[in-house]
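Summary of the model geometry
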Amino acid sequence: MRMLFVVMATVAAHLSSASEMYGTVRSPNFPEAYPRDTELRWNISVPRGYHVQLYFTHFDLEPSYLCEYDFVKVEVEEVVLGLFCGREESDTEQVPGMGALSSSNNLLSLLFHSDFSDQENHAGFLAHYAAVDVDECQERSDEEQLCDHFCHNFIGGYYCSCRYGYLLHTDNRTCRVECSGGVYRQRSGGFSSVDHPLPYPKSSDCSYSIQVEEGLVVELLFNPTFDVEDHPDLPCPYDYVQVIAGGKELGRYCGGRSPGRVVTKSHLVLVNFHTDDSGDNLGWSLTYTTTGSQCPVLLSPANGLLNPIQSEYSFRDHVLVTCLPGYKLRKGEEYLDHYQLDCQKDGSWSSDVPQCQKTGAGRSQ
Ligand SMILES: *[C@@H]1O[C@H](CO)[C@@H](O)[C@H](O)[C@H]1NC(C)=O
Ligand SMILES: *[C@@H]1O[C@H](CO)[C@@H](O)[C@H](O)[C@H]1NC(C)=O
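Computed from a prediction, not measured in an experiment: that's the story for all the values here. (Residues numbered from 1 in each chain as written. Chains lettered and ligands numbered in written order. Predicted model: local features only at pLDDT ≥ 70, side-chain atom pairs only at ≥ 80, totals over all residues. Heavy atoms only, no water.)

Quick look at the nonpolar core now. By size, the foremost hydrophobic cluster in this structure holds 32 residues, and its most contacted members are Leu220, Phe222, Val271 and Trp284. Mapped by element, the contributors of at least two residues to this core are β15 (205-211), β16 (216-222), β17 (240-245), β20 (268-274) and β21 (285-292). Ignoring anything within four residues of it in the chain, the contact list for leucine 220 reads Ile210, Val243, Gly260, Arg261, Val262, Thr264, Val269, Val271, Leu286, Thr287 and Tyr288. If you look at the next biggest cluster of nonpolar residues, it comprises 25 residues, including Ile44, Phe56, Phe59 and Phe84. (Core = buried A, V, L, I, M, F, W, Y, C linked by side-chain atoms within 4.5 Å. Buried < 20%, exposed > 50% of the residue type's maximum accessible area, 1.4 Å probe, protein only. Helix = DSSP H or I, 4+ residues; strand = E, 2+ residues; numbered from the N terminus. Contact = heavy atoms within 4.5 Å.)

Structure below.
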């Protein structure tokens, strides 16, 4: 046993120093007979982004049933790629032949074992290995996309790129969009997630700001087609649409059901859309409208008229007050033919409704 360990250590020191692009592995004393009672392991590593390809140019080990005496075992991280012995293929023994063995990653381990007896002399083996490029773009499983948009293989690695108009995220994998700073100042309008109704971009933070003049209030209407990545148990942990009005969060939405109508009571509304680095959901779209603040209903003065008469008045509405013939409006010390009231942005009228007084009575005083 002691001898066995000494041999192992020597070889290990020799081989595991650095990752090489190619090399050879041979049994001790090759092409002379290999020693008895020996166990040797070679851990081959090539740079990341490559496979190890190994093939034997000579193979001659003592044959035994299921290779239980002498053997060469080729493994990748404890998965056995091959167990070989003998010189020719038989029902129970396998020889490597001319076929190449390939690792699934950049590592390959080779174990040589000889037992105590060797009646005949066997020359052992000579093997060569080389680093072979991995085409990461081809090997990806469809479950987990290596690159969000495009994958490009090169020798020893790969990189991702994005469709025009997108930017590669710092994760070097997903494609984000620059989508902040949109300001909507019109009294009505609309917007949607980028590319809607196609899947929206990943790893992005979009913000849409509605800024209408004070005195108006914004109402949002999300269209029925709404699809934002959600979670069965947690509230919107991945992607979400957030509505902030007057500095306060009104709601955070995800899932497949449209939030529908959202009344904000504010003239400053921010719609934020946060997305994470996965998922293929179709997004959302909305329209918005604005209405003015409502002023209280007015009563006509006695012997007077309001024009126009409406069931509701809102910001920016004007009402003209006039009197029946023989009457004039009394405003302070003045007598007027007509007077205008304005519905103001805070929902109050610019003044009280003045009264109509008989003109004769005024003059006689
Ligand atoms: C080879 O790798 C195995 C598993 O990682 C390790 O246990 C062993 O010590 C290594 N042997 C040599 C010779 O480097
Ligand atoms: C992305 O790529 C750059 C440049 O190749 C590299 O410096 C950076 O570490 C990579 N980032 C990640 C998260 O892999």
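Text resumes after the structure shown.
Another point: the sheet that holds strand β6 (residues 101-102). Read from one edge to the other, the open sheet built from four strands follows the order β1-β8-β3-β6, with strand pairing classed as antiparallel. On the outer flanks of this sheet lie β1 (22-26) and β6, each paired with one strand and no other. Where β1 meets strand β8 (residues 124-133), five bridges bridge the pair, whose relative direction is antiparallel. Counted as the bridge partner of tyrosine 22 is alanine 130 from β8. (Pairing = 2+ DSSP bridges.)

What follows concerns the UniProt feature "domain: Sushi" (unreviewed entry) in the chain. According to UniProt, the positions carrying the feature "domain: Sushi" (unreviewed entry) are residues 293-358. In residues 293-358, helix accounts for 0% and strand for 47%; the two terminal C-alpha atoms are 35 Å from one another. (UniProt positions renumbered as here; feature names shortened; annotations may be inferred.)

Attention now moves to the confidence of the model for the chain. Averaged over all residues, the pLDDT of the chain is 88; the fraction at 70 or higher stands at 92%. Confidence over residues 1-17 falls short of pLDDT 50; this stretch has 14 contacts with residues more than four positions distant or in other chains. (pLDDT = per-residue confidence, 0-100.)

In total, this model carries 18 aromatic pairs according to the counting rule given. Between the aromatic rings of tyrosine 200 and phenylalanine 273, the centroid separation amounts to 4.8 Å while the plane-to-plane angle is 80°, which identifies the pairing as edge-to-face. With tyrosine 200 in the loop between β14 (189-192) and β15 and phenylalanine 273 in strand β20, this residue pair connects regions lying 73 residues apart in the sequence. Tyrosine 200 sits in the buried class, given a relative accessible area of 5%. Through successive ring pairs, a cluster of aromatic residues spans Tyr184, Phe191, Tyr200, Tyr208, Phe222, Phe226, Tyr253, Phe273 and Trp284. One cation-aromatic arrangement involves arginine 252 over tyrosine 240; the distance from NZ or CZ to the ring centre is 4.1 Å. (Phe/Tyr/Trp six-rings, centres within 6.5 Å; stacked < 30°, edge-to-face > 60°. Lys NZ or Arg CZ within 6 Å of the ring centre and 35° of its normal.)

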